[in-house]
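Residue strings, one per chain:
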Protein chains: 2
Amino acid sequence: MPADALLFSNSRPPGAEVPFAHAAGPLRDHLGHRTVWFVGWARHDLDAYTGWVADALADVLGPVDLRGLHREPDPAATIREADPARETVLVGGGNTFRLRRRTGDNGVLAALRERDDLRYAGASAGSNLACPTIMTTNDMPIVDPGGLDALGRLPVQVNPHYLDPDPHSAHRGETREERIAEFHEENALAVVGLREGAWLFRSGDRLTLDGHTARLFRRGHEPTELAAGTDLSWLLETPTS
Amino acid sequence: MPADALLFSNSRPPGAEVPFAHAAGPLRDHLGHRTVWFVGWARHDLDAYTGWVADALADVLGPVDLRGLHREPDPAATIREADPARETVLVGGGNTFRLRRRTGDNGVLAALRERDDLRYAGASAGSNLACPTIMTTNDMPIVDPGGLDALGRLPVQVNPHYLDPDPHSAHRGETREERIAEFHEENALAVVGLREGAWLFRSGDRLTLDGHTARLFRRGHEPTELAAGTDLSWLLETPTS
């Protein structure tokens, strides 16, 4: 059984300027007093991104020992040698294809797979990376990801930033719901469309939605609405239906 | 010099129910009286898709000899043996990752690369496939595409269904412009964001925007607006700036 995972749609819901302010309690409980290794490879400017997140967490949670994993001489070794009682991982958002590629190339992805006893928190692209695959990202494939398989910290796909169709839009591209239906033409995994402000929390054999509503997509079923607080533990048992 | 290519943002601009009705003249000129091999692998139901497009073209252009390439015993051989004076290719929209994967697996992608003397028309995913890479698709990576490289019928990337930022949106995911800026963090190719109803036409050393406006993104430059009718031939000479 992997360690606890806290997966946010996004660090900043609409109207919120301070990242993670909407989820201070759950995030504080999850991180505890651990050193937080920040995995920022979804973005281009790693130092700037790490600094921004460190400042934000200090505002919301008080002092946090957050460190950019990219500054380590051997980032994969730092993960492989981490102590789960004292260290944890926070994976930031940005471009999921870049995150998959960079962490694949530098060995951090493989190290995180080995060390599923480390608690994991992710936002947006960081939540995509926790899933079996990154196939339900919304991002543009700006680099070859080197594979679409990911960490599988839960047997369910997350679609972050889930967007309802806009009946007034002149856009003729696919709606998000249509894109997820295309995913189910090719794949059987359930997809949780997390609206901004929502998160999933996996702890042992429990999976809970919180923070906001979500929409659940299962192959061969009509989509259903999920209220904040919904127990989704059954999805951990029936990953493909 | 590759043969003429006609690349649509989409077959149906807002308000138009009949595909290609907005572009009947250019499409008729481009297809001529050729047999049209329809490449529909971006979608799941190939027969239904082919029938829908055949009916639509008949409505708009009158009788057209459109045939589903997927019904051929050896689709790649059909392309390799095609006569450019009598046969042409139309690549439909859907999911770009699926289109890249299926045509990579069945050899049609390689055949189309060899046969760049065949006229090419594409819409949405079909336009993505004509570019150097599929990196500026908007689609979800529902299957491993088997590579992001594509046909390179022009040295410019198309972003179909280009969407301007919505100032009223509560969505906190990246805007399309932000996604293209991420592309330019990693790549140098110019990107033409084709709004619904717009198309690019490449003929020899000429490249023209028509049908609607577009937005041009070049690495290291501010984005610029392009009117319908703009001559973009200079982009064929300076592919990376």
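In the block above lies the structure referred to throughout.
The following paragraphs examine the structure supplied in this document. Just so it is clear, the structure is predicted and the values come from calculations on it, not from any experiment.

### Overview of the interface of chain A and chain B
Interfaces are frequently sized by the accessible area removed from exposure as the parts join.
Part 1 of the argument: Facing 44 residues of chain A, the contacting portion of chain B comprises 44 residues.
Part 2 of the argument: Across the interface of chain A and chain B, roughly 3,400 Å² is buried in total on both sides, 52% from carbon and sulfur atoms.
Part 3 of the argument: Where chain A touches chain B, the interface holds eight salt bridges.
Part 4 of the argument: Here Glu186 of chain A ties to Arg98 of chain B by a salt bridge, and the two come within 2.9 Å at their closest N and O atoms.
Part 5 of the argument: Taken together, the connections running from chain A to chain B amount to 14 residue pairs in polar contact (both at pLDDT 80 or more).

### A look at unusual backbone geometry
Residues and elements named next belong to chain A.
Part 1 of the argument: Its identity as a non-glycine residue notwithstanding, Phe20 has a phi of 70°, on the positive side.
Part 2 of the argument: Among the secondary structure elements, Phe20 is positioned in the loop between strand E1 (5-8) and helix H1 (24-31).
Part 3 of the argument: Taking the relative accessible area as the measure of exposure, Phe20 reaches 4% and is therefore buried.

### Some details on the packing of aromatic side chains
Part 1 of the argument: Here the structure, examined in full by the defined rule, presents eleven aromatic pairs over all chains.
Part 2 of the argument: Seen in terms of ring centroids, Phe97 of chain A and Phe97 of chain B are 6.2 Å apart; in terms of plane orientation they differ by 5°. Their pairing is stacked. Taken together, the residues Phe97 of chain A in helix H4 (residues 96-106) and Phe97 of chain B in helix H4 (residues 96-106) connect one chain to another. Here the two residues Phe97 of chain A and Phe97 of chain B agree in accessibility, since each one is buried.
Part 3 of the argument: One aromatic cluster is present, built from ring pairs that chain together Phe8, Phe20 and Trp199 of chain A.
Part 4 of the argument: Directly above the aromatic system of Tyr49 of chain A lies the positively charged group of Arg43 of chain A, at a separation of 4.0 Å from the ring centroid.

Thresholds, definitions, all that
Residues numbered from 1 in each chain as written. Chains lettered and ligands numbered in written order. Predicted model: local features only at pLDDT ≥ 70, side-chain atom pairs only at ≥ 80, totals over all residues. Heavy atoms only, no water. Contact = heavy atoms within 4.5 Å. Buried area = accessible area lost by both parts, 1.4 Å probe. Salt bridge = Lys/Arg side-chain N within 4 Å of Asp/Glu carboxyl O. Polar contact = N/O pair within 3.5 Å; in protein donor to acceptor, adjacent residues only side chain to side chain. Helix = DSSP H or I, 4+ residues; strand = E, 2+ residues; numbered from the N terminus. Buried < 20%, exposed > 50% of the residue type's maximum accessible area, 1.4 Å probe, protein only. Phe/Tyr/Trp six-rings, centres within 6.5 Å; stacked < 30°, edge-to-face > 60°. Lys NZ or Arg CZ within 6 Å of the ring centre and 35° of its normal.

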